[in-house]
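An overview of the molecular structure
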Amino acid sequence: MSPSDPPSNPYESLGVRRRINAAGALTRLGGAVMAPEVMAAMAAASRASVDIGELQDAASSRIAEATGAEAGLVTTGAAAALTLAAAASIARWDVAKMAALPHADAFPRDILIPRTHRTGYAHALAASGARLVDIGHNDRGTGAGVRGLEAWEIETALTPSVVAMVFSVNATSIVDLPTAMAVCRANGVPLIVDAAAQLPPKENLRRFISMGVDLVAFSGGKALGGPQASGILAGRRDLVASALLQQLDMDVAPETWVPPKMVDRANLRGVPHHGIGRGFKAGKEEIVGLLTALDRFVKADDAANNAALEARLKAIAAALDGLDIKLVPARQTGRVPVLEIAVSDALAMSARLQRNDPPVHLSERHAARGVLTLDPQVLLPEHDAPLAAAIRAAL
Ligand SMILES: *Cc1c(COP(=O)(O)O)cnc(C)c1O
C-alpha cells in the first residue's frame, strides 16, 4: 500500500457501519464525500512544516478570487466562522477585547438577529460573548401575515451597543437582504451572513458579497466537498484579519513574530494572546484540502452534474414504480435535483429505513407534510440500487 492509498474501510475495524446517505451532506452523517484529488492534497500537505499565518494569507487570496471578497479565512466549519465573525465584530483590532472574550459585558457586543433567522446556529454567535438582540416578527413563518423584515425595525434597534447584524440567508429570506444591507451600510454596522448550506449553486459564492455584505460563512464539508471539519469566512479584510488573529496559535515572541500579511501591525496595540478561536484551529491539511475542493467546485459543470443526478433519480424512481414520487429539478430547489416521496407516516418510515442493514437515510426536512426527500448530493452511485430496494422493503 502506498502512503496515498487509504485503508479500504477504516470504519470496519471500529465496528462502525457505513450508511447509505440520501439525506444530503449532513454534518451528523459525515458531511461531504471527498474527491480523491482533495484527499491526496491533504495527505501531501501533512508531510511538511509551514507557517500557518502565511498559509492563511495564501488561502485568503484564493478565497478572495472565488468569492469576490477582499479577504478570506479557512475555519473549521461555518459554525466556527460565525463565532469568529461575531468575535471580530466585537473586538476589531483591540487586543484587550480579544483577550477578554467571551466576557464582553464591559463593551459593545450586541448582535441584531431577525426572529425569522434564529436557527440552532445562533449558539455559535453567542459563544463569542455577543448578546443576541431579537428584532422583527415572524409573520411569514407562522402564516400570520405577509410582512418580512422592515428597515425601521432594524433602525430602531441600532443602539451604540450594536456591533453587527446577522442574516441567515436562504431562497426565502433573501428578499429581505437588500433592506438589511442598506440599513447596516448607512449606519456602519457589519452584516454577517450565514450561507453555510447555500451551495450549490456556485454563483452564491459571489452573490452575497456582491450585494455588499461584510462577512459570509460557508461550510467546507457540505456541498463544497472539502474536509468535513472545514469552512470559509469571507469578507472585509479588517474583519477577516481580526478573525484570523483570534484563531491562530499566538504563543509567539513579539520580537520575532511575523504577522500574516492581512494583519496590519500598526493597528495593534500589542500582540494578541490565544483568542476565542484557538480551540478551533484549522490545520494545514484542512486549509489545503478546502482550497483544493473550492477550486474543483468553482470549475465544476453544475448543469452536467445536475443532469447526471437527474438521470440517476429517474432510474431510482422507475425502480419505485407505484409510489407517489415527484422529481423536483435543480432550478426549483436552487441546489441539486431531489425526489420527493409522499408516505403516510414520514418519520415512522424514516425510522424503519434507519434500521435497515446498512442503515438508509432520506432527508426529513419535509416530514411535517408527509414527504421524505431523496437528496442525492452525496449519494454514492453504487448505493442507488440498494437504496431503492431498501425503500421498497420498508413500505
Ligand atoms: C450546517 C450549517 C451550519 C454549520 O456548518 P458547519 O460547517 O457544520 O459548522 C451553520 N448554519 C447553517 C444554516 C447550516 O446549515
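To be clear, the structure that these remarks concern was listed above.
Attention here is on the structure that accompanies the text.

What counts, and where the lines are drawn
- Residues numbered from 1 in each chain as written.
- Predicted model: local features only at pLDDT ≥ 70, side-chain atom pairs only at ≥ 80, totals over all residues.
- Heavy atoms only, no water.
- Helix = DSSP H or I, 4+ residues; strand = E, 2+ residues; numbered from the N terminus.
- Rg over C-alpha atoms; globule rule 2.2 N^0.38 Å.
- Buried < 20%, exposed > 50% of the residue type's maximum accessible area, 1.4 Å probe, protein only.
- Contact = heavy atoms within 4.5 Å.
- Areas by Shrake-Rupley, 256 points an atom, 1.4 Å probe, with all protein chains shown as cover.
- Lys, Arg positive; Asp, Glu negative; His and termini not counted.
- Charge placed at Lys NZ, Arg CZ, Asp CG, Glu CD.
- Pairing = 2+ DSSP bridges.
- Axes fitted to C-alpha atoms, helices over the stretch in contact; angles between N-to-C directions.
- Near = heavy atom within 4 Å.
- Polar contact = N/O pair within 3.5 Å; in protein donor to acceptor, adjacent residues only side chain to side chain.
- Nonpolar A, V, L, I, M, F, W, Y, C, P; charged D, E, K, R; others polar.
- Parallel < 35°, antiparallel > 145°, perpendicular 65-115°, else oblique.
- Left-handed = near helix turned anticlockwise from the far one by under 90°.
- Salt bridge = Lys/Arg side-chain N within 4 Å of Asp/Glu carboxyl O.

Looking at the overall build of the chain
Looking only at helices and strands, the chain has 15 helices and 12 strands in total. Taken against the 2.2 N^0.38 rule, which gives 21 Å for 395 residues, the C-alpha radius of gyration of the chain at 22 Å falls within 12% of a compact globule. With the principal axes as the frame, the chain shows a C-alpha extent of 70 × 60 × 35 Å. The 395 residues of the chain split such that 50% are buried. Long-range pairs, those at least 24 residues apart, make up 68% of the contacts in the chain between residues at least 6 apart in sequence. Total accessible area on the chain is roughly 18,300 Å²; 53% of this is exposed by carbon and sulfur atoms. Side chains of the chain carry 39 positive and 40 negative charges; the gap between the two charge centres is 2 Å.

Concerning the sheet that holds strand β4 (residues 131–135)
Taken together, seven strands build an open sheet; the order of strands is β2-β8-β7-β6-β5-β3-β4 and the sheet is mixed. The sheet terminates laterally at β2 (71–75) and β4, the two strands that pair on one side only. Geometrically, the sheet is characterised by an average inter-axis angle of 25 degrees between neighbouring strands, direction not taken into account. One ladder, built from five bridges, connects β2 with strand β8 (residues 231–235); its direction is antiparallel. Pairing of T75 across the sheet is with G231, part of β8. Here helix α3 (residues 78–91) sits on the sheet in contact with β2, β3 (110–114), β5 (162–168), β6 (191–194), β7 (215–219) and β8, set at roughly 160 degrees to β7.

Quick look at the site of the ligand
T27, G77, A78, A79, Y121, D194, A196, A197, S219 and K222 make up every residue found near the ligand. Take T27: an N or O atom from its side chain is 3.1 Å from an oxygen atom of the ligand. The contact in question runs from an oxygen atom of the ligand to an N or O atom on the backbone of A78, over 2.8 Å. Burial of the ligand by the surrounding chains reaches 82%, relative to a free accessible area of 390 Å². Of the residues belonging to the shell around the ligand, the class tally is five nonpolar, three polar and two charged.

Some remarks on the packing of α3 against helix α10 (residues 237–245)
Taken N-terminus to C-terminus, the directions of α3 and α10 make an angle of 110 degrees; their axes are 8 Å apart at the nearest point. The pairing of α3 with α10 is recorded here as roughly perpendicular in orientation. Handedness of the crossing formed by α3 with α10: right-handed. Along the contact surface, α3 presents L84, A88 and S89, while α10 presents L239, S242 and A243. Its residues assigned to classes, the contact of α3 with α10 comprises four nonpolar, two polar and no charged.

Observations regarding the pattern of salt bridges
Scanning the entire structure with this criterion turns up 17 salt bridges. Across the pair R118 and D134 runs a salt bridge, and its minimum N-O distance is 2.7 Å. One end of the pair, R118, is in the loop between β3 and α5 (122–126); the other, D134, is in strand β4, and 16 residues separate them in sequence. Residue R118 is classed as partly exposed on the basis of its relative accessible area of 41%. D134 sits in the partly exposed class, given a relative accessible area of 29%. One salt bridge connects K299 with D295, and the closest N-O pair in it is separated by 3.0 Å. Of this pair, K299 and D295 both sit in helix α11 (residues 284–299), four residues apart, which is roughly one turn of that helix.

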